[in-house]
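Architecture and fold: a report
Residues per chain are reported as follows:
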Amino acid sequence: MHNVLEIKNLRKDYGDFCLDDISFSLPEGFIMGLIGPNGAGKTTTIKLIMNLIMKNGGSIKIFGKEHIAHEVEIKSRIGFVYDNPNYYEHLNLRQVKNIIAPFYKDWDEAIFRELVDKFQLPLKKILKKFSRGMVMKSAIAIALSHHADLIIMDEPTSGLDPIFRRELLDLLYELLQNEKKSILFSTHITSDIERIADYITFILGGKIIFSTRKDEVLENYAIIKGGKELLNEETKRFFRGMRISEYGFEALTDNVDNIKKALGSDIVIDKATLEDIMYFSNMKDHHA
Amino acid sequence: MKIIISNASQDPIYEQVSKQIKAQIISGELNEGDPLPSIRKLAKELQISVITTKRAYEELEKEGFIDTVGGKGCFVAMQNKELLKEKKMKTIEEHLSDVVSDAKKLGVNFKELKEMLSILFNEEG
């Protein structure tokens with residue numbers, strides 16, 4: 001199993017925001033969710049991968065090759081959906097497609113037609129009159145129409161209704177039937193990828209909190225609920241972010257086994273969702 | 001083959017999958033040599049991740065319920081009749097031990113439990 005994407009010690013300094021020491025890798029044939037709240041550094045990371053902005057340090061390898069030295073070759077094998085697709089607004093989708101298609105040697109008109117049909121996109125209406133959902137769908141249709149080996153999507157589901165978001169997941173499952181295809185999917189709507197993701201990379205404040213198998217994350221993290229009398233310096237060490245109410249506390253732990261040993265049956269242990277993990281971790285970041 | 005994933009279950013998803021396939025092998029709904037869907041196909045159908053599905057199959061293989069034939073996929077393994085019987089008994093034993101612990105918790109004594117069991121057993125015909 002080799003990595004289609006390998007990022008090491010990536011760094012981008014904006015002065016007021018710094019993406020620092022980002023390292024993670026995506027093995028071929030799998031889908032990774034890149035999660036984090038707004039402003040965490042997801043889009044910056046993706047822009048760096050796509051060489052849309054310059055890095056200040058670190059290395060990025062795609063398909064085993066340095067991403068800038070082999071940029072053209074690499075990009076022809078990537079299907080890219082930007083969170084804010086910027087097409088010429090006075091053109092219609094057919095014209096936009098005619099501009100983009102020649103850049104890809106494996107452009108497949110039949111697939112494009114099929115997706116346009118499926119997404120019910122008008123070919124002759126100018127893009128200025130498209131809704132945000134329609135623009136996103138157009139970007140997705142284009143990204144999936146040239147037999148890309150790596151699909152990179154930055155917030156592809158923002159602005160899309162839940163029905164299409166589920167349809168998109170079906171498309172991604174379809175894609176993953178081919179074990180040579182890989183997907184990097186950034187989102188703050190974690191429920192979109194909670195089931196499909198094989199790996200999760202969680203970014204917060206420009207740093208990686210974890211990048212690992214999703215199953216491992218969901219097994220280690222849990223929401224602990226209990227009475228306030230259980231809280232002391234000792235027990236607080238187990239928690240990554242906590243919400244205290246008048247009647248008890250709710251906290252996130254990343255080591256559910258330790259908590260079980262320490263607090264035993266006095267507590268309620270609930271499964272943590274990716275959203276819980278994001279919410280509570282973010283809290284700790286600001287109130288630690 | 002029938003597999004139902006519950007989000008409310010405390011069991012991890014891979015375990016829900018492996019348990020249900022195991023149960024269908026033990027009950028004879030799935031027979032020796034029956035092909036199982038590919039990992040990626042099953043992941044898609046159940047809308048779970050590829051890695052989760054892979055883990056479920058790995059568990060089943062480790063316990064000897066399925067075989068992986070390189071390039072061909074996974075199949076229900078030949079089941080040793082004695083072993084199968086033992087596994088069936090073990091399943092029941094596990095359920096019964098839950099019942100016993102519940103009974104103790106709720107203060108139901110052995111005689112009452114036995115009566116309950118015998119009524120249920122006869123009702124089922």
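Because the structure is predicted, anything quoted here is derived from the model rather than measured. (Residues numbered from 1 in each chain as written. Chains lettered and ligands numbered in written order. Predicted model: local features only at pLDDT ≥ 70, side-chain atom pairs only at ≥ 80, totals over all residues. Heavy atoms only, no water.)

**A few points about the interface of chain B and chain A**
The accessible area lost on association of the parts is a frequent measure of interface size. Heads up, the rule is: We call two residues in contact whenever any of their non-hydrogen atoms come within 4.5 Å of each other. When two parts are put together, the accessible area they lose, computed with a 1.4 Å probe and summed over both, is reported as buried area. The term salt bridge refers to a side-chain nitrogen of Lys or Arg lying within 4 Å of a carboxyl oxygen of Asp or Glu.
The interface of chain B with chain A comprises 19 residues on the first partner and 20 residues on the second. Summed over both sides, the interface between chain B and chain A buries roughly 1700 Å², with carbon and sulfur atoms accounting for 43% of that surface. Contact with chain A buries surface across chain B, with Arg-40, Gln-47 and Ile-51 of chain B losing the most and accounting together for 41% of the total. Here chain B is connected to chain A by 2 salt bridges.

**Considering the pattern of salt bridges**
Put simply, the rule is: Under the DSSP-based scheme used, a helix requires at least four consecutive residues in state H or I and a strand at least two consecutive residues in state E, with every element numbered from the N terminus. Buried, partly exposed and exposed residues are distinguished by accessible area as a fraction of the type maximum, computed with a 1.4 Å probe on protein chains only: under 20%, between the cut-offs, and over 50%, respectively.
If you walk through the whole model with that rule in mind, you get 29 salt bridges over all chains. The partner of Lys-44 of chain B in a salt bridge is Glu-174 of chain A, with the nearest N and O atoms 3.1 Å apart. One end of the pair, Lys-44 of chain B, is in helix α2 (residues 39–46); the other, Glu-174 of chain A, is in helix α6 (residues 162–175), on a second chain. By relative accessible area, which is 45% here, Glu-174 of chain A ends up partly exposed. In this structure, the salt-bridge partner of Lys-111 of chain B is Glu-115 of chain B, at a minimum N-O distance of 3.9 Å. Separated by 4 residues within a single helix, Lys-111 of chain B and Glu-115 of chain B lie in helix α5 (residues 110–124), roughly one turn from each other. For Glu-115 of chain B, a relative accessible area of 42% translates into the label partly exposed.

**Re α6 of chain A**
Put simply, the rule reads: Take the number of residues in a helix, subtract one, and multiply by 1.5 Å to get its expected span. What qualifies as a polar contact is a pair of N or O atoms within 3.5 Å, subject to a donor-acceptor requirement within protein and to the restriction that residues adjacent in sequence count only when both atoms come from side chains.
Between the first and last C-alpha of α6 of chain A there are 20 Å, a value that for 14 residues agrees with the 20 Å anticipated at 1.5 Å per step. By the burial criterion, the buried members of α6 of chain A are Phe-164, Arg-165, Leu-168, Leu-169, Leu-171, Leu-172 and Tyr-173 of chain A. Check the buried side of α6 of chain A and you find it contacts β3 (31–35), α4 (109–118), α5 (132–143), β7 (150–154) and β8 (182–187) of chain A together with α2 of chain B. One side-chain oxygen at the N-terminal end of α6 of chain A lies 2.9 Å from the backbone nitrogen of Ile-163 of chain A; it belongs to Asp-161 of chain A.

**Observations concerning the pairing of strand β11 (residues 222–226) of chain A**
Residue and element names in this part refer to chain A. Keep this limit in mind: One bridge is not enough; two strands pair if DSSP finds at least two bridges between them.
Of all 5 residues making up β11, 4 are buried, and the element is well covered by its neighbours. Pairing analysis gives 4 bridges linking β11 to strand β14 (residues 268–271), with the strands arranged antiparallel. Bridge pairing in β14 places Lys-225 opposite Val-268.

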